[in-house]
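# Tertiary structure, described
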Amino acid sequence: MGKRSRLSTPLFDGAVKLLLLGGGELGKEVAIEAQRLGTEVVVVDRYDWAPAMHVAHRHYVIDMLNPEAVKAVVRRERPDAVVPEIEAIAVDALEELEEEGYLIIPNAKAVKIAMNRVELRRFAAEVLGLPTTRYGFAESPDEAVDACDKVGYPCLLKPEMSSSGHGHAKVVEPSPSAVREAYEYSVRHARGKSRRVIIEEFVNLETEFTVLPYRYVSDGGVVTVTPEPVEHWRYGEYHYIESWQPSTKSREVVEKAKEIGRRVAEGLGGLGIFGVEVFLTKDGRVLFSEVAPRPHDTGMVTMVTQDLSEFAVHARCVLGLPVPEPRVLTPGASYAVYADEGNVWAPKFEGVYDALKIDGVNVRVFGKPFTYEGRRMLVVLARGETVEEAREKARRAASLIKITR
Ligand SMILES: Nc1ncnc2c1ncn2[C@@H]1O[C@H](COP(=O)(O)OP(=O)(O)OP(=O)(O)O)[C@@H](O)[C@H]1O
Ligand SMILES: [Mg+2]
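Nothing here was measured: the structure is a model prediction, and the numbers come from that model.

Once that is clear, we can look at the packing of aromatic side chains. In this structure the tally under the stated criterion is four aromatic pairs. Ring geometry for tyrosine 47 versus phenylalanine 370: centroids 6.1 Å apart, planes at 65°, classification edge-to-face. Of this pair, tyrosine 47 sits in the loop between strand E2 (40-45) and strand E3 (58-61) while phenylalanine 370 sits in the loop between strand E19 (361-365) and strand E20 (376-383); the two residues are 323 residues apart in sequence, bridging distant segments of the chain. When the ring of tyrosine 135 is compared with that of phenylalanine 137, the centres are 5.5 Å apart and the planes differ by 45°; the resulting orientation is tilted. Grouped by ring-pair contacts, the aromatic residues Tyr47, Trp345 and Phe370 constitute a single cluster. Its end group placed over the ring of phenylalanine 370, arginine 375 keeps NZ or CZ at 5.0 Å from the ring centre. The ring of tryptophan 244 carries the charged tip of arginine 391 above its face, separated from the ring centre by 3.7 Å.

Following this line, the structure appears as structure tokens:
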């Protein structure tokens, strides 16, 4: 375990040091939690003044898809743990660093599986035996037509590698030309050169869960804990907009979702928190969708609902500290605010005064130096007597806030 599992003084001899690969709003909260514990925090991202850089001791600006750049920074810093915060990282570099003895969170293999929809679906459905949507894979337009016919319509094509809904293409009814077009669209929006796609049955969603199981070192070895999940909704967009906790669905459904989350975390192994996305369909199926082996954007609500947020949980897991199950202290909700307009530098946030007059409302401004269209810039957090009240407050507060020049 080395230096981890005890605390120290940052910037001095014997400091415990975390290196975050990716410094977005989720990394920023992990950095803050680590700072609170006296950890030295180094943040790496592809542009300057990324959110977590504002709260780091040092930072680097590199292309994280370049394995040489990633290795050079990690070897120079020699951190006690490397904490990936995004998907687009040179995973070969992580594997090599792990072999050299660096602790990669949760572990290099899990990062590799989770970033690849094809590998992940195989692992979840065929190795772990979890329930998922019907699916097929294709590497050419002809294979896509066959796979769509087998999966059925409507179906959704997704590139093997991409995030935030990039390259998702829905095909509503049998039509070889529509499938070919969807296939080309999907591979054009992929990250990297792969021409492989997954084709999923398009399900009618009743709701979506993010289960947040975590793994930490306990006296008797590594244990997995699966707290109350977060529920969320996207309003027809691919982006998350609103999330809340606790879930308002039946306990039977929630337990099924938790069980999927636990099995994914145990299957992938290592240390830290996992954002396991689970669907509840209108016809009552509880299905594994995908997993991010790190804190999840929909989990920002835990900053107001839980005694230990998902970020505090992650930091403690990574630092080799004990993490008793977080309690949900109050119903709460989050509502993310996105920029409508691109290329606004040093954006201002009007209306925050009125938003904060609402009892139980709080905001987190991420500090991104400029917008692009559809970029998430801040999140509203709200507590309420009930989930409905918290959601209403968060929505109302968010509607008051305008992003301006
Ligand atoms: N098979 C499906 N049927 C119906 N809706 C789906 C399906 N797959 C995905 N969705 C919807 O699209 C959203 C994004 O899908 P997915 O998580 O696979 O993409 P992503 O690129 O990883 O996006 P994110 O980074 O936002 O999680 C899901 O949360 C869900 O709302
Ligand atoms: Mg997702």
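Resuming the write-up.
With domains assigned, the chain is organised as domain 1 (17-104), domain 2 (134-201) and domain 3 (205-404). Placing a centre on the C-alpha atoms of domain 2 and another on those of domain 3 gives a separation of 28 Å.

This brings us to the site of ligand 1. Ligand 1 sits among 19 residues. The nearest are Lys158, Gly165, Glu201, Glu208 and Glu290. Contact distances for ligand 1 include 2.9 Å between a nitrogen atom and a backbone N or O atom of valine 203. Interatomic distance of 3.0 Å between a side-chain N/O atom of glutamate 277 and an oxygen atom of ligand 1. Counting only elements with at least two residues in the shell around ligand 1, the list comes to strand E6 (155-159), strand E8 (197-201), strand E9 (205-211) and strand E15 (275-281). Tallied by class, the residues present in the shell around ligand 1 amount to six nonpolar, five polar and eight charged. Looking at which domains feed residues into the shell around ligand 1, each of domain 2 (134-201) and domain 3 (205-404) supplies at least three.

Moving on: the coordination of the magnesium ion (ligand 2). Looking at the magnesium ion (ligand 2), the protein donor atoms are Glu277 (OE), Glu277 (OE) and Glu290 (OE), and they sit 2.0 to 2.6 Å from it. With glutamate 277 in strand E15 and glutamate 290 in strand E16 (residues 286-292), this residue pair connects regions lying 13 residues apart in the sequence.

What follows deals with the packing of helix H2 (residues 67-77) against helix H3 (residues 91-99). Packing of H2 against H3 leaves a shortest axis separation of 8 Å and a crossing angle of 35°. With respect to the hand of their crossing, H2 and H3 are arranged in right-handed fashion. For the pair formed by H2 and H3, the contact residues are Pro67, Val70, Lys71, Val74 and Arg75 on the first element and Ala93, Glu96 and Leu97 on the second. Split into classes, the residues belonging to the contact of H2 with H3 amount to five nonpolar, no polar and three charged.

With that settled, consider the environment of alanine 382. Within the fold, alanine 382 resides in strand E20. Discounting residues that sit within four places of it in the chain, alanine 382 has contacts with Val304, Pro331, Gly332, Ala333, Gly360, Val361, Ala390, Lys393 and Ala394.

Before going further, it helps to examine the sheet that holds strand E14 (residues 272-273). Spatial strand order, E11-E10-E14: three strands in an open sheet with antiparallel pairing. For this open sheet the edge positions go to strand E11 (221-225) and E14, each flanked by a neighbour on one side alone. Alignment of strand E10 (residues 214-218) against E14, held across two bridges, turns out to be antiparallel. Paired with tyrosine 214 across the strands is isoleucine 273, a residue of E14.

Basis of the calculations
- Residues numbered from 1 in each chain as written.
- Chains lettered and ligands numbered in written order.
- Predicted model: local features only at pLDDT ≥ 70, side-chain atom pairs only at ≥ 80, totals over all residues.
- Heavy atoms only, no water.
- Phe/Tyr/Trp six-rings, centres within 6.5 Å; stacked < 30°, edge-to-face > 60°.
- Helix = DSSP H or I, 4+ residues; strand = E, 2+ residues; numbered from the N terminus.
- Lys NZ or Arg CZ within 6 Å of the ring centre and 35° of its normal.
- Domains from an automatic or database assignment.
- Near = heavy atom within 4 Å.
- Polar contact = N/O pair within 3.5 Å; in protein donor to acceptor, adjacent residues only side chain to side chain.
- Nonpolar A, V, L, I, M, F, W, Y, C, P; charged D, E, K, R; others polar.
- Donors = N, O, S within 2.8 Å, 3.2 Å for Na, K, Ca; no water.
- Axes fitted to C-alpha atoms, helices over the stretch in contact; angles between N-to-C directions.
- Left-handed = near helix turned anticlockwise from the far one by under 90°.
- Contact = heavy atoms within 4.5 Å.
- Pairing = 2+ DSSP bridges.

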